[in-house]
Structure formats: structure tokens, C-alpha cells
Amino acid sequence: MTTETIAVKELNDQTRNWVLKLRLLEKYHARTSRNGQTKFQRLLFTDKQGTMIQATLFNENIDIFGTILNIDSSYAISNASVKHVQPQFKVAQHDFELIFNSKTKIVHVSDHVTPFTQEHHEFVPLSDISKHVDTDTRFDILAIVLEVLQPRTIIKNKIGIPTHIRDIIIMDQSNSPITLSTWDEFASNECNEIELLLDSFPIITASNIKPVSYNGLSLSTTPVTIFTINKESTHYTSLRNWANDHMAQILQLKSSKPSLLKIPSITPIINLPQVKDNIIWIQASVSISNTTQRLWYLACSKCNKSAPKDCESRFTCPNCASENCEPKPRSILQLEPHDETGALPITLFGSEAERVTNIKSEKLHNANTGARRADQIHQRFKRRQNILHPRHSFCPTSLWSRNQKVECQRN
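What you are looking at is a predicted structure, and each value in this text was computed from that prediction instead of being measured.

## Topic: the overall build of the chain
Part 1 of the argument: On a plain count of helices and strands, the chain comes out with 7 helices and 24 strands.
Part 2 of the argument: Considering only intrachain contacts with a sequence separation of at least 6, the fraction spanning at least 24 residues in the chain is 61%.
Part 3 of the argument: Surface exposure of the chain reaches about 21300 Å², of which carbon and sulfur atoms provide 49%.

## Observations regarding the environment of Ala76
Part 1 of the argument: Tracing the sequence through the fold places Ala76 in strand E6 (residues 74–78).
Part 2 of the argument: Residue Ala76 is classed as buried on the basis of its relative accessible area of 18%.
Part 3 of the argument: Separated by 31 residues in the primary sequence, Ala76 and Val107 place their C-alpha atoms 5.1 Å from one another.
Part 4 of the argument: With near-sequence residues (within four places) excluded, Ala76 lies in contact with Val19, Leu20, Lys21, Lys105, Ile106, Val107 and Val109.

## Digging into the packing of aromatic side chains
Part 1 of the argument: Per the counting criterion, the structure on display carries 4 aromatic pairs.
Part 2 of the argument: Consider the rings of Phe45 and Phe100, whose centres lie 6.3 Å apart with planes at 50°: the pair is tilted. Taken as a pair, Phe45 in strand E4 (residues 39–46) and Phe100 in the loop between strand E8 (96–99) and strand E9 (105–109) lie far apart in primary sequence, 55 residues in all.
Part 3 of the argument: With a relative accessible area of 0%, Phe45 lands in the buried category.
Part 4 of the argument: Judged by its relative accessible area of 1%, Phe100 falls in the buried class.
Part 5 of the argument: Taken together, the ring pairs connect Phe45, Phe65 and Phe100 into an aromatic cluster.

## Looking at the side chain of Thr182
Part 1 of the argument: Among the structural elements, Thr182 can be located in strand E13 (residues 178–183).
Part 2 of the argument: The class of Thr182 is buried, set by a relative accessible area of 0%.
Part 3 of the argument: Among the polar contacts made by the side chain of Thr182, one reaches the main-chain carbonyl oxygen of Arg166 at a distance of 2.7 Å.
Part 4 of the argument: Aside from chain neighbours lying at most four places away, what touches Thr182 is His164, Ile165, Arg166, Ala187, Cys191, Thr221 and Phe227.

## Overview of the pattern of salt bridges
Part 1 of the argument: Here the structure, examined in full by the defined rule, presents 7 salt bridges.
Part 2 of the argument: In this structure, Lys254 engages Glu147 in a salt bridge whose closest nitrogen and oxygen atoms are separated by 3.7 Å. One end of the pair, Lys254, is in helix H4 (residues 247–255); the other, Glu147, is in strand E10 (residues 139–148), and 107 residues separate them in sequence.
Part 3 of the argument: Given the relative accessible area of 21%, Lys254 is considered partly exposed.
Part 4 of the argument: In this structure Glu147 comes out as buried when scored by relative accessible area, which is 18%.
Part 5 of the argument: We note a salt bridge from Lys360 to Glu354, for which the minimum N-O separation is 3.6 Å.
Part 6 of the argument: You can call Lys360 exposed: its relative accessible area is 55%.

## A look at the environment of Leu24
Part 1 of the argument: Looking at the element boundaries, Leu24 is found in strand E2 (residues 18–27).
Part 2 of the argument: Separated by 29 residues in sequence, Leu24 and Ile53 have C-alpha atoms that sit 9.8 Å apart.
Part 3 of the argument: With near-sequence residues (within four places) excluded, Leu24 lies in contact with Leu43, Leu44, Phe45, Leu69, Asn70, Ile71, Asp72, Ser73 and Tyr75.

## As for unusual backbone geometry
Part 1 of the argument: At Asp72, a residue that is not glycine, the phi angle is positive and equals roughly 75°.
Part 2 of the argument: If you trace the backbone, Asp72 turns up in the loop between helix H1 (60–66) and E6.
Part 3 of the argument: Even without being glycine, Ala321 reaches a positive phi, approximately 65°.
Part 4 of the argument: You can see Ala321 is positioned in the loop between strand E18 (296–300) and strand E19 (327–339).

## Some details on helix H3 (residues 234–245)
Every α-helix carries 3.6 residues per turn, so stepping three or four residues along brings you back to the same face.
Part 1 of the argument: Between its first and last C-alpha, H3 extends 17 Å over 12 residues, near the 16 Å set by a 1.5 Å rise per residue.
Part 2 of the argument: Restricting attention to buried positions, one finds in H3 the residues Tyr236, Leu239, Arg240, Trp242 and Ala243. Looking straight down H3, one finds its buried side chains confined to an arc of 160°; they lie on one side. For H3, the exposed residues set more than 90 degrees away from the buried face come down to Thr234 and Asp245.
Part 3 of the argument: The secondary structure elements touched by the buried residues of H3 are E10, strand E12 (162–171), strand E14 (203–212) and H4.

Rules used in this analysis
Residues numbered from 1 in each chain as written. Predicted model: local features only at pLDDT ≥ 70, side-chain atom pairs only at ≥ 80, totals over all residues. Heavy atoms only, no water. Helix = DSSP H or I, 4+ residues; strand = E, 2+ residues; numbered from the N terminus. Contact = heavy atoms within 4.5 Å. Areas by Shrake-Rupley, 256 points an atom, 1.4 Å probe, with all protein chains shown as cover. Buried < 20%, exposed > 50% of the residue type's maximum accessible area, 1.4 Å probe, protein only. Phe/Tyr/Trp six-rings, centres within 6.5 Å; stacked < 30°, edge-to-face > 60°. Polar contact = N/O pair within 3.5 Å; in protein donor to acceptor, adjacent residues only side chain to side chain. Salt bridge = Lys/Arg side-chain N within 4 Å of Asp/Glu carboxyl O. Expected span 1.5 Å × (residues − 1). Arc of directions from axis to C-beta.

Shape descriptors only; they carry no functional weight alone.
In C-alpha cells form, the structure reads like this:
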């Protein structure tokens, strides 16, 4: 049976008798799954159209294929398994990934699929991080490393498995140092490599990074983060030249041992209607005036608005006019941040409310409870001051607490 060379965008889990001609862009550290039972290594390829696709090697296949796959080399690949990528593990734009196995055929080809100079990252400046904080956004960064801090260990989950963390302090042309927290194997593998190069101020590329609002603004690795160190590219050369021209300034920042991006000036709540900026901060106490409020409601499965009372398992929604809707429990929580100038009533919905209540809406629904927990949340907020980070324009719709911080999002 003949095989056909196809483009990445044509490949899915129903495609048969295919061959892909790909260039290897990245080859990442082999890692171990959280249960410690599986070793895996991710690869990133591109075809001549510039469409990227990821591949994964498992266990013994890491050694089998690792010796024949080299970055910037091109290959004809066939007989790999094709699987749909789960969103949390996605590192390329294609929805499917290759799983190499004992039947996979990989043949080196002399004609390169794409020019070596092609950039496959879209970097976000560190000065723009606050626009994405605590969203589902994942992005790539290019930064100079100022410092690698000592490793630490925390117990992150209920079953008591230790998690290793190591923070590194990075900066770019925006002159705003920020902390990047690396987790588990990143904290040992990549951080150890970076630490050995600290005197030369290494430049790192980190993909699929997540912004967070823990202790101010910071960044965090994710399970699909990928590091490269001092990798030549147009962007790397530009940042290296800038660093050489501003070395005195970089040395001064390094000597000051910056640990966090500074929180901007605090805006009084009374001044919010006059504020034109998208990014502002508020310092406030948070209370729950209605401690008997119900923390869930039945919502339309399609528009999230309230489902009709006594609706059937399937109904036509009067709000969105959709048919075959299902009633589903959805969390809701009313809060009131306030400072000495005024108050800012906020209603949280869905996952944002669950971050504060720390309980899923399904569990609240099944237990038919809520009031007692609302009072517990109120008591918790009473014990501390909170920093709020509103973004976008007016009409606050979301807010959550995380270690002495509360973030408010406004639409």
C-alpha cells in the first residue's frame, strides 16, 4: 500500500498511510510523570508550511529515537500513533500529536524543511505581564537571568507529596525584574544549568509560562513549559546586544537583589470611575455582608444564566433561546471590598467563586448548603488586608483570594 506525504494540517487520528516531512525545532529534557512510573520526552517539529506539531517519546523510546533525532535536522516520519492533545499538555498549534513507538519509521532527509532563521516564538514583554495575570493565558518569554535563588520544598496537596520550587529573577528591556517560579524537575534540571552560567547573564526562552498574582506579580512554569538557554535567534541577538549596552544598569539591579515586580500605586475606590488606565490596584478589606447567601444556583448549560424553576432535565432556555439545555449547578458569591473612601460590590460566578469558597458547585448543590460556608469566608477575610488588581473597564465581575491578595477583574 502506497504512502503519501502530507502537510501537518491534514493529519488527524483518522489519517492512514501518511508520511510527514518535518524539521525538529526543539528537543526537551526527559521528565518523569507525577506518579513516578512513566518517563517521557517532548519534541517540537514544523513542516514546510510552518505548522508546528508536537511529538512525545515514552520510556525506552527516549533512548531509541533520542540518538537519531537532532535539532535543525529534517526527517521523513511515518507509522507513529496520532492522538488528540489534551489542552493542558498542548505546546503546538496542531490539535494532534505524534506518539513514537516501535513501528515508527524515521528517515533523515538532506533537504531542510524550512530555513533555520525562522522564528517560532511570539514573545510577550515582561512589562505586559500584568495584563494577563490570573487568566488562562499562556505565553512565551525571552529574558535575561539576574539571579537563581535557593531551592525550597512545599507540601502542595492533601496526600503530602513534596513539591520542589526554585525561583529565578529575570528581566528584559523593560527594566522590570520579575520572579519566575520553576517547579519540580524544572527546579533541578534547567535551574542548575542556568546557575552555572549566571556570571555571563544567560538569556532564556521559556514557553507556555503562566502569570500569577502570588506576592505581587510573578510568573510560573506549567507542565508543558519548555526552556532553552542562550539559543541563537534574531530575538536573542537583539536582547544580548541590549544587555551589553546596558550592563552597568543590569549589574546595579543584580546587586539590589530584586525579588518582585513592584506593585503600582494604590487607587482609592472612590476614584475608580475617573481612572482611564486598564491596569490599576486597590488596597481594601473584603467582607461578606450577606452571610446567609446561597452559594450556588441552577444555570443553563449553554449561557450560564438562571434556569427556569422546576425545569426538566432538558429545556429551551428563555434567555439564550437554545434548545436541549440542561440545568447545572453554578457557584455564585457576593463580596464587598472597601477602603476608607468607599465600597465596591462584586459578584463572582463559576470557577472564580469556587476559588474563594474552595468547594465545587456540584458539592454545594448535592449538600444543599452554602450559608455556613459564606460566614466562614467572611471571617477569613476579616483577618487581613487585601490587594485588588482590577483590569479592563468598570463593572467588576470577578475577584478571588490568594495568600493575602485578592484580584478583581472588571469588564
